Amino acid sequence: MLDKHFISKTIENSLYQKWEESGLFACDPHSSKPVYTIMMPPPNVTGTLHVGHALTYTLQDILIRFKRMCGYDVLWQPGTDHAGIATQMVVERRLEAEGVSRHDLGREKFIEKVWEWKEYSGNSIVEQQRRLGITPDWARQRFTLDEGLSAAVRRVFVQLYNQGLIYRDKRLVNWDSKLQTAVSDLEAISQEVKGHLWYIAYPLVDFPGESIIVATTRPETLLGDTAVAVHPEDERYQHLIGKKVKLPLTDREIPIIADEYCDREKGSGAVKMTPAHDFNDFDVCKRHKIPMINILDTRAHLNENVPSPYQGLSIEAARKQVLTDLEAQELLVKIESIVHAQPFSERTGVLIQPLLTDQWFVDAHTLAQPAIKAVEEGTTKFVPDHWNSTYFEWLRNIQPWCISRQIWWGHQIPAWFGPDQKIFVAETESEAHAQATQHYGSKVDLKRETDVLDTWFSSALWPFSTLGWPEDTIELKRYYPTDVLDTGFDIIFFWVARMMMMGLHFLGEVPFKTVYIHALVRDEKGAKMSKSKGNVLDPLILSDEYGCDALRYTLASLAVPGRDLKLGESRIQGSRNFMTKLWNAARFLEMNQCTYVKEFNPLNAKLVVNRWIISEFATLTNKVYRAFEAYRFDDAAAELYKFLWGNYCDFYLEFLKPIFANVDDQQSLEESRQTAAWVLMEFLKIANPIIPFITETLWKEGGETELLLGATWPAYSQEIIDSAYVDTAAQTEMNWLVDLISEIRSRRTEFNVPPGAFIPLHIFDATADLEDRLIRHELIIKRLAKISDLSVEKGKPHDLKGVIQFILGAATIVLPLGQSIDLDAEKQRLQKEVQKVQSDLENGIKRLENKNFMTKAKPEVIDELKEHVANLEVTIEKMKDALLRIA
């Protein structure tokens, strides 16, 4: 006997253990089944599960469970990322608490400490993943620093270096002065801050007493200026192009150059060029072959390349001193208060400094060309396809990829320096020594590069390194290329594009056929979740409170392509109600002796009501199948809800109650019991990919001994429906009945008819078939729509008062509500509501037409307002329609 309530958390752990022990998560490289592969984006080993993870893993698990049911040999490759900077920071903080620094330990001992920490707590994220009920092949779990993946990294680095696609160069990088390492663009977070625009006079060498005014937000960096740039068509400065200025506070003279980079409308139109500390200035000066002077050390203090009074000063102190000295020399013309964007380190919070340093780079432009072509030709498709433009924009403007990091935890770059700094790149130290001996003619001491590789470098190899490359493994042959990558839009460039580049270069094929881009999870008001706002939702807490199935169902139902998810607890509560509805449906069947019979053949059903629900279910199964195939998780969830809550529970089970009560007709009774049970058990199959725990539980309670995890998708309804399962006549008859009852219920609600009041029903223009249908279902209509009298009238209705009417098919439906309510009062109420909604609608439209609002408002606020206006338009149309129905 089923318990009264389904308490999900009491069964989730034990059920998950059964799934894992079943061996059904595992792929089979020797299988003859078709293959389906997903590479799980490896979470940071330092990470904890957040709602973004929950969305990603839920959607991927839906696909994996679905394809497994459809007869595929599925590989969902799990693993974790070593997360170089993030992990090193965690361990360093732990050491600092003990009064020890990594430098006290030395590199080797420190790395041992990181491995100890990884073994101790690095599995937390994996255990949290399990709590979502996901089914990857855990036995194949990989780590981006395990030996196999490390071998792949070394091989890729060496080959790219030998092909001239990896090189060492002095270029600008994002520098974190606290970590004292280069960081990626992803780790440099742009923030709006209050600042100033300082206008500084640069004295002209050839025109004594005259100056060119330069506006800057960073006056301290003028000590590293090597030019002043103006737009070539700026008439104010035509006569100065090619002339020189005296750089304030120094004894240097620098040229005035012309470049279209300059914005004539911004500041004074003249721009100071500090190429060693500004990315745009770097590009301009490189074009003009202007020298570059680095004025910062790794701590972001001014170095020996500035005049002695400023040497050793921090950025902040240097700015203060430079401004004081400029003012003293009467070179500070004016100051404007501004708000501008500045990059801050995601890890440490310090201001990112563009710094000219020796780093290792990948020639990303060359590698990007095949990756661009693959998407242009449709070899790899983005879903939704509007992300193609983002992908192309990034790759067509790609810069050299800085792959070196000045930290200790990660893949140490396989390069060694000879006595004269000649570089030897090899997979092993012995190979490097052999190269050096051949070059120098004798053995020499080599010093290994201390930098490690950017974490994204090893992540870029994930689709093939996890399958055993560079070895020619059976897994690599069978599971590459993979089928779909599901990820967020924010790492299209950092991860997706780089996997495309590496996969095409080393295996000659794209790493995945489809890239499904899911949206950002926001709070229920559309705001981005953040700890500072206090609006972060913890998926594990939500799962404990409402059940894992409710969380998964909510995420699937909100996964509308191209639209951010607005997640609130109220939505998850609603999903839990859906689980309760499903549970109660199973309890209803149990109480009415509806037992699942394996031998039941739905094609033998005789009763119209049973043929109808079988037809509706076959149609549903096809819709869900096609929704999963099209990555429309929201549509699949909506169709499941609509069928279970509407057709099955609200109508079909209600239609069966008279049959269950009539024990004299045993044939109809048994057919209906078996049909009801069969439909519910089949429903559990197609709902299982989204809500695995409750469906698996009810599957077992229904009498099945094998796990639902290993069940097959209904063969009669996949890409197409077996027509034998669809009785269109039964659907036409019963769906008309459902529509009639639904419309009557809707009108009762619209006009505030008391729930217990029974009202008359008159039907005009009924055909002979319709009259027969009404006679067959009269008792059902009266009971479910609360109708006191049902009459069929000839001709069309006319001169009726105190009624509302609507058209259903060819018939006119008339409800004399005036006998139960004051229709005039209801009409006045609706008219007032129409006026209020109309006013709200007009205000919303005015805001959308307000250029000032549209410029300043955040995109999510605008999207929310557009959605609100659209909903108001629908509401007002419904109200006006209701008013028109009143006679």
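Worth saying up front: this structure is predicted, and the values here are computed from it rather than measured.

To continue, consider the nonpolar core. In globular proteins that are soluble, nonpolar side chains generally tend to be buried together. Among the nonpolar cores identified, the biggest contains 143 residues, and W612, F633, Y648, F655, F683 and I690 are the most heavily contacted of them. Excluding residues within four positions of it along the chain, F633 makes contact with L59, I62, L63, Y516, A556, A559 and F628. Counting 64 residues, the second largest nonpolar core, distinct from the first, contains L75, V156, I372 and L485.

Contact pair helix 3 (residues 84-97) / helix 5 (residues 107-121): the axes reach a minimum separation of 10 Å and the direction vectors enclose 100°. Taken together, the axes of helix 3 and helix 5 are roughly perpendicular relative to one another. Between helix 3 and helix 5, the contacting residues are T87, Q88, V90, V91, E92, R94 and L95 on the first element and F110, K113, V114 and W117 on the second. In the contact of helix 3 with helix 5, the residues fall into six nonpolar, two polar and three charged.

We now examine the environment of V726. Relative to the helices and strands, V726 is located in the loop between helix 23 (692-701) and helix 24 (728-750). Given the relative accessible area of 24%, V726 is considered partly exposed. Between the C-alpha atoms of V726 and L603, which are 123 residues apart in sequence, the distance is 9.2 Å. Contacts of V726, omitting those with residues within four sequence positions, involve S615, A618, I721 and Q731.

Moving on, we come to the side chain of N174. The residue N174 is located in strand 5 (residues 166-176) in this model. Its relative accessible area of 8% is what places N174 among the buried residues. Looking at N174, its side chain comes within polar contact range of the side chain of D185, at 2.7 Å. Residue contacts for N174: discarding those within four places in its chain leaves T181, A182, V183, S184, D185, A188, F279, I352 and Q353.

Taken in spatial order, the three strands of this open sheet run 8-7-13, and their pairing is antiparallel. In this open sheet, the two strands that pair with only one neighbour each are strand 8 (211-216) and strand 13 (332-345). On average, each strand axis in the sheet is inclined to that of its neighbour by 20°, with strand direction left out of account. By the bridge criterion, 13 bridges tie strand 7 (residues 188-203) to strand 13 in an arrangement that is antiparallel. Counterpart to W198 in the pairing with strand 13 is I335.

One open sheet accounts for four strands, arranged 27-26-29-28; its pairing is mixed. Across the chains shown, the open sheet's two edge strands, defined by having one partner strand only, are strand 27 (787-793) and strand 28 (804-808). Along the sheet, successive strands turn relative to each other by an average axial angle of 20°, direction set aside. Taken together, the five bridges between strand 26 (residues 759-764) and strand 27 define a ladder with parallel strand orientation. Bridge pairing in strand 27 links I763 to V792. Its contacts with the sheet place helix 24 against strand 26, strand 27, strand 28 and strand 29 (811-815), and it is angled at close to 155° to strand 28. Against the sheet, helix 25 (residues 768-785) touches strand 26, strand 27 and strand 29, its axis set at about 160° to strand 27.

This structure, assessed with the given rule, holds 45 aromatic pairs. For the ring pair F66 and Y625, a centre distance of 5.3 Å and an interplane angle of 70° mean the geometry is edge-to-face. In this pair, F66 sits in helix 2 (residues 51-69) while Y625 sits in helix 20 (residues 608-629), placing the two residues 559 residues apart along the sequence. Its guanidinium or amino end placed over the ring of F392, R396 lies 4.2 Å from that ring's centre, counting from NZ or CZ. Its end group placed over the ring of W401, R498 keeps NZ or CZ at 4.0 Å from the ring centre.

As a further point, take helix 19 (residues 569-591). Residues separated by three or four positions in an α-helix point in the same direction, a consequence of the helix having 3.6 residues per turn. The end-to-end C-alpha separation of helix 19 is 33 Å, in line with the 33 Å expected for 23 residues at 1.5 Å each. Considered for burial, the residues of helix 19 that qualify are I572, S575, F578, M579, L582, W583, A585, A586, R587, F588 and L589. Residues of helix 19 that are buried in the fold lie against helix 17 (539-546), helix 18 (548-558), strand 25 (565-567), helix 21 (633-661), helix 22 (666-687) and helix 23. In the stretch just after helix 19, Q593 is the one whose phi turns positive, near 55°.

Before going further, it helps to spend a moment on unusual backbone geometry. With an omega of -5°, the peptide bond between V383 and P384 qualifies as cis. Relative to the helices and strands, P384 resides in the loop between strand 15 (381-383) and helix 11 (387-396). The omega torsion of the bond from W469 to P470 falls at 15°, within 30 degrees of zero and hence cis. Within the fold, P470 resides in the loop between helix 14 (462-465) and helix 15 (474-479). The phi dihedral of Q421 falls on the positive side, at around 70°, and the residue is not glycine. By the secondary structure assignment, Q421 is in the loop between strand 18 (415-417) and strand 19 (423-425).

Below, the discussion takes up the pattern of salt bridges. Taken as a whole and judged by the stated rule, the model has 47 salt bridges. Between E187 and R347 there is a salt bridge, and its shortest N-O distance comes to 3.8 Å. Separated by 160 residues along the polypeptide, E187 in the loop between strand 6 (181-183) and strand 7 and R347 in the loop between strand 13 and strand 14 (353-362) bring together distant segments of the chain. The exposure class of R347 is partly exposed, given its relative accessible area of 29%. Across the salt bridge formed by E336 and K334, the nearest N and O atoms sit 3.4 Å from each other. On the basis of relative accessible area, E336 is assigned to the partly exposed category, the value being 28%. Judged by relative accessible area, K334 falls into the partly exposed class, the value being 39%. Each of E20, E127 and R130 takes part in one network of salt bridges that share partners.

Each value, and the rule that gives it
Residues numbered from 1 in each chain as written. Predicted model: local features only at pLDDT ≥ 70, side-chain atom pairs only at ≥ 80, totals over all residues. Heavy atoms only, no water. Core = buried A, V, L, I, M, F, W, Y, C linked by side-chain atoms within 4.5 Å. Buried < 20%, exposed > 50% of the residue type's maximum accessible area, 1.4 Å probe, protein only. Contact = heavy atoms within 4.5 Å. Axes fitted to C-alpha atoms, helices over the stretch in contact; angles between N-to-C directions. Helix = DSSP H or I, 4+ residues; strand = E, 2+ residues; numbered from the N terminus. Parallel < 35°, antiparallel > 145°, perpendicular 65-115°, else oblique. Nonpolar A, V, L, I, M, F, W, Y, C, P; charged D, E, K, R; others polar. Polar contact = N/O pair within 3.5 Å; in protein donor to acceptor, adjacent residues only side chain to side chain. Pairing = 2+ DSSP bridges. Phe/Tyr/Trp six-rings, centres within 6.5 Å; stacked < 30°, edge-to-face > 60°. Lys NZ or Arg CZ within 6 Å of the ring centre and 35° of its normal. Expected span 1.5 Å × (residues − 1). Salt bridge = Lys/Arg side-chain N within 4 Å of Asp/Glu carboxyl O.

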